[in-house]
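So you can see what is in the structure, the chains are spelled out below.
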Amino acid sequence: QVQLVESGGGLVQPGGSLRLSCAASGSIFSFNFMGWYRQAPGKQRELVAAIPSGGRANYGDSVKGRFTISRDNAKNTVNLQMNSLKPEDTAVYYCNANLIQYGSSSKNYWGQGTQVTVSS
């Protein structure tokens, strides 16, 4: 069993900052990549940022220059530092991981989601 547990969402004013964290647990052999997606009401889920093992991070166009993704491989965590937040960043943010468990092939996993609301 693999679990992704997110934390750090909440309410913030425009221009403010939030930091999201996601911790993966279970019998994990290796990660292909970890990342964050978001879904606003009435919209499709979209990529926010993703970081492959040993590779460069990839960001959605709307967050480039404002958000930074990072990984702690020793702790199986991925973090998302969000600065200069805008009302349009309001969404449920989902942690995503593509990983390999011992004795298995690559699979995709999702966290339960954490709400981020940017409003004055």
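Look a little higher up for the structure.
A. The arrangement of the overall build of the chain in detail. A count of helical and extended segments in the chain gives zero helices and eleven strands. Reading the secondary structure of the chain in the N-to-C direction produces β-β-β-β-β-β-β-β-β-β-β. Here the C-alpha radius of gyration of the chain, 14 Å, is about what a compact globule of 120 residues would show, namely 14 Å. When the backbone C-alpha atoms are referred to their principal axes, the chain occupies close to 50 × 25 × 25 Å. For the chain, the residues scored as buried account for 40% of the 120 residues in total.

B. Fine view of the side chain of Asn 79. Relative to the helices and strands, Asn 79 is located in strand β8 (residues 77–82). Beyond its immediate chain neighbours, meaning those up to four positions away, Asn 79 contacts Arg 19, Leu 20, Ser 21, Trp 36, Thr 68, Ile 69 and Ser 70.

C. Fine view of the pairing of strand β7 (residues 67–72). Taken together, the six bridges between β7 and β8 define a ladder with antiparallel strand orientation. Residue Phe 67 lies in a different strand from β8, and its bridge partner there is Met 82. A loop of four residues connects β7 with β8, the two strands running antiparallel in sequence, and Asn 76 in this loop sits at a positive phi of about 55°.

D. Summary view of the pairing of strand β10 (residues 106–110). Bridging between strand β9 (residues 91–101) and β10 involves five bridges; their strand directions are antiparallel. Paired with Ala 97 across the two strands is Tyr 109, which belongs to β10. Between the end of β9 and the start of β10, which pair antiparallel, lie four residues, with Gly 103 showing a positive phi angle near 75°.

E. Quick peek at the sheet that holds β8. Taken in spatial order, the four strands make up an open sheet running β1-β3-β8-β7, and their pairing is antiparallel. Whereas interior strands pair on both sides, the edge strands pair on one side only; in this sheet they are β1 (3–7) and β7. The mean inter-strand angle of the sheet, taken between neighbouring strand axes irrespective of direction, is 15°. The pairing of β1 with strand β3 (residues 18–25) spans five bridges and is classified as antiparallel. Looking across to β3, one finds that Ser 7 is bridged to Ser 21.

F. Representation of the packing of aromatic side chains. Here the structure, examined in full by the defined rule, presents three aromatic pairs. Ring centres of Phe 29 and Tyr 102 lie 5.4 Å apart, and the angle between their planes is 70°; this geometry places the pair in the edge-to-face category. A residue pair is termed long-range when its members are at least 10 positions apart, and Phe 29 in strand β4 (residues 28–39) and Tyr 102 in the loop between β9 and β10 qualify at 73 residues. Aromatic rings pair up to connect Tyr 37, Tyr 94 and Trp 110 into one cluster. It is Arg 45 that lies over the ring of Tyr 94; its NZ or CZ is 3.8 Å from the centre. Here the basic side chain of Arg 45 rests over the ring of Trp 110, its NZ or CZ set 4.6 Å away from the ring centre.

Rules used throughout
- Residues numbered from 1 in each chain as written.
- Predicted model: local features only at pLDDT ≥ 70, side-chain atom pairs only at ≥ 80, totals over all residues.
- Heavy atoms only, no water.
- Helix = DSSP H or I, 4+ residues; strand = E, 2+ residues; numbered from the N terminus.
- Rg over C-alpha atoms; globule rule 2.2 N^0.38 Å.
- Buried < 20%, exposed > 50% of the residue type's maximum accessible area, 1.4 Å probe, protein only.
- Contact = heavy atoms within 4.5 Å.
- Pairing = 2+ DSSP bridges.
- Axes fitted to C-alpha atoms, helices over the stretch in contact; angles between N-to-C directions.
- Phe/Tyr/Trp six-rings, centres within 6.5 Å; stacked < 30°, edge-to-face > 60°.
- Lys NZ or Arg CZ within 6 Å of the ring centre and 35° of its normal.

Taken by themselves, the reported measurements are silent on function.
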